[in-house]
Every structure is written in structure tokens, then in C-alpha cells.
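For reference, the chains in residue letters:
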Amino acid sequence: MREERVQVSGHSTADPAVVWAVAGDFCGAWHPAVAEIRAERDARGALIRAFTAKGDDTLYRERLVYWSDSDRVLVYTHLEGIAGAESYVARLEVVPGEDGGSRIEWSARLTAEDERAGVIAAGTRAIFEMGIEVLAELTASAAAGEASAIHNDFDAELETVFIGGDPRLAITATPPKSGPLVLFLHGIGGGRTNWRRQLHAVAPRLHAAALDLRGYGDSQLGPSQSMVDDYCLDILRIMENLGASRVVLCGLSYGSWIATSFAMRHPDKLVGLVLSGGCTGMSEAGVEEREAFRRSREVPLNEGKTPADFAPAVVNVLAGPYAGEDVRQKLFDSMAAIPSATYRDALTCFTNPPERFDFSKLIMPVLMMTGEFDRLAPHTEIRGVANRIVEAAPNASVRFEVIAGAGHVCNVERPDAYNAILTEFLSEVIT
């Protein structure tokens, strides 16, 4: 076997957003070598393009493994069609040009039988060069424009539902529908009311619910210190109560860590995983770092203060620079409503993770989002985690996006942008 690398670049006079609108369509028929193309899904929900080339009856199939509209990059792997290829991974990226316009980068790394490696590499180079040339032509005269946000003003009738057991849990749920449940999990300083705009966006098509974690809102605190396994059992309890055999978990910060923990234990029950403003929590921090984090957050509690007393300082950390007073008030209200015992319970749970995540277990499609100005989960950090998932889980399908202008609680600060990405993801993984 021999490894070959192919790297081709080109330029378009069009804005990167215009070029990406064409190049980022993984199943689009824009490449001149494509005769027919169709979209498929594998058993895990990953997107596959199946196509034939002009003058060739061979069926080629490629699977999308990573893409990001924010970074304008996609990565795919060959599944079928290239004779003699043992592995083949390609990357297409559109970035701003140094002198205006766009630079298009298309590369591939392949391993094939010795006598075929050079032939495959040469064919790949020709395909990439042809594609970049056509992209430049298609987009050269296009005017740059902003992508319109998807607005959904559906005003669903939301219902408060209590899940019996020890402890009793409270959820806000949309009208029941068949298919998987979309369950929203809030952050350590939040509550289920933070997801109201997302519930409205999802309700027209899917059954959705937002949970008050133990001790938050109308949910009771458990009889003993909460641990992440308790939260995972709560999710199972909600699924059973609502008659859902499979679920899409959508978490924010602390909720993302809980959602990923559930995925480690029950990957077969997940249709998709949406992680906002975090993923790994404190699972990769050392004992000293975790203890320092917990102690620093408990200082005001030990001084007799409540979350309402230090909520203004927390909001200053959570909110992005463009957050309006209405957003800041929502964040304040969420934080101020948390009982001291609940906040202490959550801090203890968060700083005692039982495991370092094995990302190879993430066999479901994953969407990762974070705010442009997130201080707690910077986009550089979350982008790195997304790439680690791709490396660790060869069957994963990962999408990473940055919510422009948002801070940590990006779903509250920029709900339209967040919902546009979320609903698109859900439409792709739930067919």
C-alpha cells in the first residue's frame, strides 16, 4: 500500500459566503463531472452522496464526516467506487482571499495499492481542478448577500408535565407527535424556560420537551447528592413516560456534559446529539483544577449569599457584548431562581465527573454550537473537540457552528440563528 496526498487551490472573485452556498452543498450537482447524484443516509443518520460520473457507469458513494457553515469547511470519506483504494479522506474549504474574493482549498489523503495510488491521485487532482474552476465561474458574477435567518413563529401550546418518581421532575412539553423525542437540558445557571424559543421552533414537526434538572424550577432535588448517572436515569424516565424509544438530546453547557454522558451509556437510544456551549465539562480537568473551580463558586454560598445575590456578576460572564437588556434580564431571572442547595448540588456533581469521555462511542450525528464571544466555551476550544470526535469516531458525522454575536447562552441571545441550525440538523437526522 502507498499513501498519496493531493492539494489543489484556486480563487474566486466572489465573497466566501457566495462560494460556500454552492460548494457547501454536499449533494449538489454543481460539479461538471457528475452525471446523476442522490442523497442517502446510513444506519446512523450520516449523509451520503451516491453519484455516477459522465461517461462512467460506476456508482460512487462518499460519506460526509464533518462540516461547518461557520468555518465553510467539509470533510468526506470514500465508501465505494474507487478501485484499489483502501482509504480516502478529502477536505474542501472556502476562506477569504488575501486580495479580496475567496480562496478555495481542496485536498485529499489516500492509501491504495502501489500500482493504483498514483493513478487515483492523478484522477483526484483533475477532479479537484475542474471543480474549483467551475466554482470560480459559477460564483464570479454573483452578488454577496446575507443568508436569511429562518424564522418560525409557530406558537405551540406548551404544557407543564410532572414526571412522578423520586425525585419528581417537571418538563415543558409540546403536543405529542410520533417519532423521537427532542429533549432540552439547561445549563448550571439556567432552567427549562431558557428553551421556550427552541420548543416553538421544533413543535410543528417533532415532540419536544425541556427539563428542569433536579432541584431547578419545579423539579425536586433528589434525596442524596446528584451524580451524572442520576441525570441519565432521569432522561430514561422521561423517555418512558412520554413513550419515546429514541431521543435527540440538546444541551447547553452543564446540559451538554450531561447529554454527552448519556451518549456514553446509551448510544443506541440517541438519534442525534446537540451540544451547545460545551461538551466535556470538567471531565478532562485535574483534581486540583476541579476543586479550585468548585471552591471559588461556593465562596458566596459559604458567606450566606444566594444565587440571586451574585446573579449580576454571573450574567456579566455569560452574556455576549451585544446582549440587550431583555436578554440580560432573562439570564438574571434564571440564575436568581436557583435555590442555594440546588446550586451547590450541581457544582459538586459537575466537579466530580466519573469518566473521561471515549468519543469513539459517539456513533450518532453530532451538532456542536458555541457563541462567538463565549468566555466559558470559546469556539477555538469547541472546534478542537469537534475535530477530536471526528478522529476518534470513524463513523461519526459532526457539524460545528459558531453563533455570531452570542455569548455562552447562545440559544437565548441569538435564538433565530440557533434555531435555523438546530431545525436544519433535526430535519437531516430525523426522516
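Residues numbered from 1 in each chain as written. Predicted model: local features only at pLDDT ≥ 70, side-chain atom pairs only at ≥ 80, totals over all residues. Heavy atoms only, no water.

## Some details on the confidence of the model for the chain
With 96% of its residues at a pLDDT of 70 or more, the chain shows a mean pLDDT of 92. Ignoring residues within four places in sequence, the model shows residues 143-156, a span with pLDDT below 50, making 18 contacts including any to other chains. (pLDDT = per-residue confidence, 0-100. Contact = heavy atoms within 4.5 Å.)

## Brief notes about the nonpolar core
Proteins that are soluble and globular tend to have nonpolar side chains buried together. In this structure, Leu183, Leu249, Tyr254, Leu273 and Met368 are the most contacted members of the largest nonpolar core, which totals 65 residues. Per element, the largest residue contribution to this core is 7 residues, and it comes from helix 5 (residues 254-265). Those residues in contact with Leu273, other than ones at most four positions away along the chain, are Leu249, Ala259, Thr260, Ala263, Leu362, Met364, Pro365, Val366, Leu367 and Phe425. Core analysis: the next-biggest nonpolar cluster, separate from the first, contains 34 residues, Val6, Phe51, Leu64 and Leu135 among them. (Core = buried A, V, L, I, M, F, W, Y, C linked by side-chain atoms within 4.5 Å. Buried < 20%, exposed > 50% of the residue type's maximum accessible area, 1.4 Å probe, protein only. Helix = DSSP H or I, 4+ residues; strand = E, 2+ residues; numbered from the N terminus.)

## Some words on the side chain of Arg294
Position of Arg294 relative to the elements: it lies in helix 6 (residues 287-302). Judged by relative accessible area, Arg294 falls into the buried class, the value being 17%.

## Topic: the environment of Leu110
Mapped onto the elements of the fold, Leu110 is located in strand 7 (residues 102-112). Along the primary structure Leu110 and Ala90 are separated by 20 residues, whereas in three dimensions their C-alpha atoms are 8.4 Å apart. When neighbours within four sequence positions are excluded, Leu110 is seen to be in contact with Arg2, Glu3, Glu4, Ser87, Tyr88, Ala117, Ile120, Ala121 and Thr124.

## A look at the layout of surface pockets
Reported here for the second largest pocket is a volume of approximately 910 Å³. Lining the second largest pocket are 44 residues, and of these Ser253, Phe293, Arg297, Leu376 and His408 lie nearest its centre. Within the residue set of the lining of the second largest pocket, elements represented by two or more residues are helix 5, helix 6, helix 7 (307-318), helix 8 (325-336), helix 9 (340-350) and helix 10 (379-392). Grouping the amino acids of the lining of the second largest pocket by side-chain chemistry returns 25 nonpolar, 14 polar and 5 charged. (1 Å grid on protein atoms, 1.4 Å probe; cavity = no way out; pocket = protein on both sides within 12 Å on 5 of 7 lines; lining within 4 Å. Points joined across faces, edges and corners; volume = space filled by probe spheres on them. Nonpolar A, V, L, I, M, F, W, Y, C, P; charged D, E, K, R; others polar.)

## Topic: the packing of helix 7 against helix 8
The angle between the axes and the distance between the axes are what describe a pair of packed helices. Packing of helix 7 against helix 8 brings their axes to within 8 Å, and their N-to-C directions diverge by 140°. With respect to their mutual orientation, helix 7 and helix 8 come out oblique. Here helix 7 and helix 8 pass one another in a crossing that is right-handed. Between helix 7 and helix 8, the residues in contact are Pro307, Ala308, Phe310, Ala311, Pro312, Val314, Val315, Asn316 and Leu318 and Arg328, Leu331, Phe332, Met335 and Ala336, respectively. When grouped by side-chain class, the residues that make up the contact of helix 7 with helix 8 number 12 nonpolar, 1 polar and 1 charged. (Axes fitted to C-alpha atoms, helices over the stretch in contact; angles between N-to-C directions. Parallel < 35°, antiparallel > 145°, perpendicular 65-115°, else oblique. Left-handed = near helix turned anticlockwise from the far one by under 90°.)

## Focus: the packing of helix 1 (residues 16-23) against helix 2 (residues 114-139)
One can describe the packing of helix 1 onto helix 2 by two numbers: an axis separation of 10 Å at closest approach and a directional angle of 120°. Taken together, the axes of helix 1 and helix 2 lie oblique to each other. Both helix 1 and helix 2 take part in a crossing whose hand is right-handed. Facing helix 1, whose interface residues are Val18, Val19, Val22 and Ala23, helix 2 presents Leu135, Leu138 and Thr139. Per-class residue counts for the contact of helix 1 with helix 2 are 6 nonpolar, 1 polar and no charged.

## A short note on the pairing of strand 14 (residues 365-371)
The element strand 14 is extensively covered by neighbouring structure, given that 7 of its 7 residues are classed as buried. Residues Pro365, Leu367, Met369 and Gly371 of strand 14 are buried on one face, and the alternating residues Val366, Met368 and Thr370, pointing to the opposite face, are buried as well. Pairing of strand 13 (residues 270-276) with strand 14, which is carried by 4 bridges, proceeds in the parallel orientation. Paired with Leu273 across the two strands is Val366, which belongs to strand 14. Direction of pairing for strand 14 relative to strand 15 (residues 397-403): parallel, over a ladder of 7 bridges. Note that in strand 15 the partner of Gly371 across the bridge is Ile403. (Pairing = 2+ DSSP bridges.)

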